[in-house]
Amino acid sequence: MARAGDISQFGDVFEPDEAQEPILARGMRDALQEWLEEIWAEADLAAVGISARRRALFDGKPGVGKTTLAHHLAARLGLPMLAVRPERVISKYVGETGERLGRLFDLASNADDPIVLFIDEFDALSRQRRRSEQASDDSRNEEVNTLLQRIEQHEGFIIAATNYGAHIDQAIWRRFDIHLTLELPGQRERELIVARYLAPFGLPADALRALGESLETASPALIRKLCEGLKRQFVLGPKLGYDMTRDATIARTLATIHPHPDVGKPRLWSHGENDSAVRALPWPIRRADEIAANAAPADGAPGAPDNVVRLR
Ligand SMILES: Nc1ncnc2c1ncn2[C@@H]1O[C@H](COP(=O)(O)OP(=O)(O)OP(=O)(O)O)[C@@H](O)[C@H]1O
Ligand SMILES: [Mg+2]
């Protein structure tokens, strides 16, 4: 979609209708709901002399869903999101970065065309700032200060994300009025994430539970890759004449997917096709609708979509 002043020169525009609903633990869902209520209650807050908080810092390990959540929030506000591409803002020429930042924030402040600014890998900026000890670093420091000032003055929504919350320096930290730490998914969330990304295939409740347990410490991104890797095998394996037995298929799938070193290796990757969760997998894995036809899910079992943040 073309946007006034073409803010897209500074990054990628994510439209609201392309957002995905993240599967979140209850605490996080509640925190988000509270923030959204606050934003929707803007007028009531203004009447008592305060405004809704608009600057959030998301902290969480790789693949835990920071970008997904920011996009989803923007969508719930009915706004597109600009995921800023640092290389399109940062220039090696003195003064140019500051100028670009100015243009970016001016465009993002256009009240006729509001947009949520999403700034990923925010920690990189903070590190740059800390390392600036010599005179030659002054212009870089200056640029970071400009960025911080613009963030502070900005009237629209800004979400910054970092994988290293603990390393963010205080000057940056206090520019944000909401800090959310995204944790790795728990057992229930893992089951829901498997069910979502394995669809249209499905697993009976006990196999799903076992698989969820074997994925402890996995990020949503890793679980998604595993499920999509399996589905790819189901479709392409027979065409390629591969061995489609359970152990061979699981071993092939796991071999191509590597857990991020910062997140830790879930048990499934340590035990491979010998894992008890693999032993518990029905094979071939059937379609979810066939399983549902045979057994209605128990109360509270995955499949009940109450754990998903709904778009209004
Ligand atoms: N809570 C979630 N529910 C369902 N899917 C999720 C969830 N979080 C992440 N995903 C999926 O995992 C993948 C990675 O998510 P995302 O890019 O949002 O993570 P990130 O924290 O921004 O990662 P990075 O640190 O690498 O930027 C996406 O494909 C997304 O669909
Ligand atoms: Mg991201």
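Cut-offs applied
Residues numbered from 1 in each chain as written. Chains lettered and ligands numbered in written order. Predicted model: local features only at pLDDT ≥ 70, side-chain atom pairs only at ≥ 80, totals over all residues. Heavy atoms only, no water. Pairing = 2+ DSSP bridges. Helix = DSSP H or I, 4+ residues; strand = E, 2+ residues; numbered from the N terminus. Axes fitted to C-alpha atoms, helices over the stretch in contact; angles between N-to-C directions. Polar contact = N/O pair within 3.5 Å; in protein donor to acceptor, adjacent residues only side chain to side chain. Contact = heavy atoms within 4.5 Å. Phe/Tyr/Trp six-rings, centres within 6.5 Å; stacked < 30°, edge-to-face > 60°. Buried < 20%, exposed > 50% of the residue type's maximum accessible area, 1.4 Å probe, protein only. Lys NZ or Arg CZ within 6 Å of the ring centre and 35° of its normal. Patch = residues over 30% accessible without salt bridge, like charges linked within 9 Å, V, L, I, M, F, W, Y side chains within 5 Å. Areas by Shrake-Rupley, 256 points an atom, 1.4 Å probe, with all protein chains shown as cover. Salt bridge = Lys/Arg side-chain N within 4 Å of Asp/Glu carboxyl O. Core = buried A, V, L, I, M, F, W, Y, C linked by side-chain atoms within 4.5 Å. Near = heavy atom within 4 Å. Nonpolar A, V, L, I, M, F, W, Y, C, P; charged D, E, K, R; others polar. Domains from an automatic or database assignment.

Draft legend 1. Focus on the sheet that holds strand 1 (residues 11-14). In spatial order, the strands read 1-3-4-5-2-6; together these six strands make up an open sheet with mixed pairing. Both outer strands of the open sheet, strand 1 and strand 6 (178-182), are each paired with one neighbouring strand and no more. The sheet shows a mean angle of 20° between the axes of neighbouring strands, taken without regard to direction. The pairing of strand 3 (residues 81-84) with strand 4 (residues 116-119) spans four bridges and is parallel. Note that in strand 4 the partner of Met81 across the bridge is Val116.

Draft legend 2. Region of interest: the side chain of Arg190. Take Arg190: it is sitting in helix 9 (residues 187-198). At 3.0 Å, the side chain of Arg190 forms a polar contact with the backbone oxygen of Pro185. Apart from the residues within four sequence positions on either side, Arg190 is in contact with Pro185, Gly212, Glu213, Leu215, Glu216, Thr217 and Ile223.

Draft legend 3. View of the packing of aromatic side chains. Taken as a whole and judged by the stated rule, the model has three aromatic pairs. Ring geometry for Phe122 and Phe176: centres 5.4 Å apart, planes at 90°, overall edge-to-face. Here Phe122 is found in helix 6 (residues 122-131), whereas its partner Phe176 is found in the loop between helix 8 (170-173) and strand 6, with 54 residues between them in sequence. Owing to a relative accessible area of 4%, Phe176 belongs among the buried residues under this scheme. Consider the rings of Phe201 and Phe234, whose centres lie 5.0 Å apart with planes at 70°: the pair is edge-to-face. Of the two residues, Phe201 is situated in the loop between helix 9 and helix 10 (205-214) and Phe234 in helix 11 (residues 220-239); the sequence distance between them amounts to 33 residues. Classification of Phe201 by relative accessible area gives buried; the value is 15%. Here the aromatic residues Phe201, Phe234 and Trp283 are joined through ring pairs into a cluster of three or more. The ring of Tyr197 carries Arg196 above its face, with NZ or CZ at 5.9 Å from the centroid.

Draft legend 4. Spotlight on a nonpolar patch on the surface. A cluster of nonpolar residues, Val235, Leu236, Leu240 and Tyr242, forms a patch on the protein surface that exposes about 380 Å² of accessible area. For Tyr242, the position within the fold is in the loop between helix 11 and helix 12 (246-255).

Draft legend 5. Geometry of the nonpolar core. Among the nonpolar cores identified, the biggest contains 27 residues, and Val194, Leu203, Leu215, Leu268 and Trp269 are the most heavily contacted of them. Within the residue set of this core, elements represented by two or more residues are helix 9, helix 10, helix 11, helix 12 and helix 13 (267-271). The dominant element in this core, judged by the number of residues it contributes, is helix 11, at six residues. The contact partners of Leu268, leaving out residues within four places of it in the chain, are Leu211, Ser214, Leu215, Leu226, Leu254, Asp275 and Val278.

Draft legend 6. Region of interest: the environment of Gln9. If you trace the backbone, Gln9 turns up in the segment before strand 1. Of the residues examined, Gln9 reaches a relative accessible area of 35% and is grouped as partly exposed. Put simply, Gln9 and Arg88 are 79 residues apart on the chain and 7.3 Å apart in space, counted from C-alpha to C-alpha. The contacts of Gln9, once residues within four sequence positions are left out, are Arg88, Arg103 and Leu107. Within the local environment of Gln9, its side chain forms a polar contact with the backbone oxygen of Asp6, the two atoms lying 3.0 Å apart.

Draft legend 7. Region of the structure containing the site of ligand 1. Contacts to ligand 1 come from 18 residues, most closely from Ile23, Lys66, Thr68, Tyr197 and Arg224. For ligand 1, an oxygen atom lies 3.3 Å from a polar atom in the backbone of Val64. Tyr197 has a polar side-chain atom sitting 2.7 Å from a nitrogen atom of ligand 1. Summarising the interface, the protein chains cover 80% of the accessible area of ligand 1, which totals 630 Å² for the free molecule. If you list the elements that add at least two residues to the shell around ligand 1, you get helix 3 (66-76), helix 9 and helix 11. In terms of residue class, the shell around ligand 1 is built from seven nonpolar, six polar and five charged. Here the shell around ligand 1 spans two domains, and each of domain 1 (4-182) and domain 2 (187-307) adds at least three residues to it.

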